[in-house]
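Tertiary structure, described
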2 protein chains.
Amino acid sequence: MNEKAIGFLDSGVGGLTVVKQAMKQLPNESIYYIGDNARCPYGPRPAEEIVEFTWELVQFLLEKEIKLLVIACNTATAVALDEIRSRISIPVVGVILPGSRAAIKYSTNNRIGVIGTKGTIASNVYEQTLLDKDPTIKVESLSCPKFVPLVESNQINTSIAKKVVYETLEPLAKMGLDTLILGCTHYPLLKHQIQNVMGPQVTLVDSGAEAVSEVSTLLDYYNISADYANRKSRVYKFFTTGSERLFSEIATEWLEMEQIDITQVTV
Amino acid sequence: MNEKAIGFLDSGVGGLTVVKQAMKQLPNESIYYIGDNARCPYGPRPAEEIVEFTWELVQFLLEKEIKLLVIACNTATAVALDEIRSRISIPVVGVILPGSRAAIKYSTNNRIGVIGTKGTIASNVYEQTLLDKDPTIKVESLSCPKFVPLVESNQINTSIAKKVVYETLEPLAKMGLDTLILGCTHYPLLKHQIQNVMGPQVTLVDSGAEAVSEVSTLLDYYNISADYANRKSRVYKFFTTGSERLFSEIATEWLEMEQIDITQVTV
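Going by an unreviewed UniProt entry, chain A carries the name Glutamate racemase and comes from Jeotgalibaca porci. UniProt, in the comment section headed Pathway (unreviewed entry), describes chain A in these words: "Cell wall biogenesis; peptidoglycan biosynthesis." As its UniProt record puts it under Catalytic activity (unreviewed entry), chain A is described as follows: "L-glutamate = D-glutamate".

The following block contains the structure:
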């Protein structure tokens, strides 16, 4: 048993979709979250820069003595997971492998779509991971560079969001996919709009939610779960490199909390 | 990527329910299985003896250079998992924590039943694991000592099996449970009879199937999955300390294979 917090990092607010799942699936656990909103989006940046920024977030969380790290950002997972995992001593969970495993489990026609940021799609990591497991899968990948800015500016439930999602995904909706990986942790915030365009027959895979199942497994595997006695004293602490107000606005709504403990920091 | 086999051990044929799930969920992987049929059942034996027998099976599999070990037996998991995990260098998966996690996820009324061998139920390990996670759960535990002999003697689809299952579980069926953990890997072979007695409103948790999800997670986490190229050359090898014929009869039927590669061994 271990009462230290689980650390989550993301380029911005997208990782909150993973945190929401963690709060639900792991109610005994404390959570620290850092969003690099000041430098979001990561998607269009060169890989070296993403690795550098991600390391800064990792250092920030390690100083808070977390027991397990979740890279709740597909772009950072794609370019930095292996290096981070090999260089720090606590368990590290990314969002790409859990999402890929789930997609293969759900798909029955072996036609799987992946949407993500420019960086994630360019890295080809989902396609490679899926094809390593089964090269008979047909993978359709599409980058959706307009989605993250919509979420970060809290324009989720606007007619603009609806229009952007429709125009972006319409070509993908005609391809006979039965499973679509939301390969960016921001995208579950646009889930309804995405499901509407893709149609009800397409299973959306929330890679963040799948990652939380992996977290749950590893907490037990390493015997570092918090037990029920910790539930009352658990803490949820949020940090952002950007605007506290905007982060708080999105987080309270998405996590259905009246207020959150949020601090602006530099990393 | 790693093409070595995953090793499974059980007191008898029960672990085949876990193997069946592994074949389905992890089609690229090779599998070695040892069943200690000559000394089955483990359930009524003293803990020290179960630990001793389990170590003999572990040694047998380690000599075959497996990459991950599954203790596909609840009784052995209950008494030997921690010690084995601490003393061997490859990842070790048991069947109790995955089953407990799944039960908590599925239950909505917080009334969870556990059935298992005398040894598993006496160890109290399921109840303890569930209550550590959430002490508000009401757990009803019941040992079913007659179930393993029914399966090991291949009497699964007989009227005797139906009668024994009914008489054993009838008291449990009236307790308002919404989830029942099959806390013995032999029990999924009696799944239909168990579901009939418990009623359709009760979700049966196959702890072996849940363990395979953990195997899948750990193979990726340690980067030791076999890739698709291995699918054609994968091997399934079975070993038993008991009768090859009886093992083969049950295994071919349960795994829906025409024949299996089975060898009688001493450990």
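Describing the relation of the copies chain A and chain B
Between the two copies of the chain lies a relationship made up of a rotation around an axis and a movement along it. Each copy of the sequence occupies a distinct position, and chain A is placed on chain B by a rotation of 180° and an axial shift of 0.0 Å, giving an RMSD of 0.0 Å. Put plainly, the chains are arranged around a two-fold axis. Both copies present the same face, since 100% of the interface residues in chain A are matched by interface residues at the equivalent positions in chain B.

A closer look at the nonpolar core
Ranked by internal contacts, the top residues of the largest apolar core, which has 114 residues, are Ile-194 and Phe-238 of chain A together with Ile-194 and Phe-238 of chain B. When near neighbours in sequence (up to four residues on either side) are disregarded, Phe-238 of chain A contacts Leu-16, Val-19, Met-23, Tyr-33, Phe-247, Leu-255, Ile-260, Asp-261, Ile-262 and Thr-263 of chain A.

Here's the deal with the environment of Leu-219 of chain A
Residues and elements named next belong to chain A. For Leu-219, the location among the structural elements is in helix H10 (residues 207-221). When the C-alpha positions of Leu-219 and Ser-107 are compared, they lie 28 Å apart, and in sequence the two are 112 residues distant. In this structure, Leu-219 is in contact with Ile-6, Leu-26, Glu-29, Lys-67, Leu-68, Ile-224 and Ser-225, ignoring residues within four places of it in sequence.

A look at the sheet that holds strand S2 (residues 31-35) of chain A
All names here are of chain A. Pairing in this open sheet of six strands is parallel, and the strands run S4-S3-S1-S2-S9-S10 from one edge to the other. If you trace the sheet from one side to the other, it starts and ends with strand S4 (92-93) and strand S10 (261-264), each paired once. Relative to S4, strand S3 (residues 68-71) is paired through two bridges, and the arrangement is parallel. Counterpart to Val-70 in the pairing with S4 is Val-93. In the packing of helix H2 (residues 47-63) onto the sheet, contacts are made with strand S1 (6-10), S2, S3 and strand S9 (236-240), and the angle to S1 comes to roughly 155°.

A closer look at the sheet that holds strand S8 (residues 203-206) of chain A
What links the strands of a sheet is backbone hydrogen bonding, and the strands pair in either a parallel or an antiparallel sense. Residue and element names in this part refer to chain A. Strand order in the open sheet formed by four strands is S6-S5-S7-S8, with parallel pairing between adjacent strands. The open sheet has two edge strands, strand S6 (138-143) and S8, and neither has a second partner. Neighbour to neighbour, the strand axes of the sheet diverge by 20° on average, direction disregarded. Where strand S7 (residues 179-182) lies against S8, four bridges are found, and the strand directions are parallel. Within S8, the position partnered with Leu-180 by the bridge is Leu-204. Helix-sheet contacts for helix H6 (residues 125-133) involve strand S5 (111-116), S6 and S7, and the interaxial angle to S6 is about 170°.

Basis of the calculations
- Residues numbered from 1 in each chain as written.
- Chains lettered and ligands numbered in written order.
- Predicted model: local features only at pLDDT ≥ 70, side-chain atom pairs only at ≥ 80, totals over all residues.
- Heavy atoms only, no water.
- UniProt positions renumbered as here; feature names shortened; annotations may be inferred.
- Least-squares fit on C-alpha atoms with pLDDT ≥ 70 in both.
- Contact = heavy atoms within 4.5 Å.
- Core = buried A, V, L, I, M, F, W, Y, C linked by side-chain atoms within 4.5 Å.
- Buried < 20%, exposed > 50% of the residue type's maximum accessible area, 1.4 Å probe, protein only.
- Helix = DSSP H or I, 4+ residues; strand = E, 2+ residues; numbered from the N terminus.
- Pairing = 2+ DSSP bridges.
- Axes fitted to C-alpha atoms, helices over the stretch in contact; angles between N-to-C directions.

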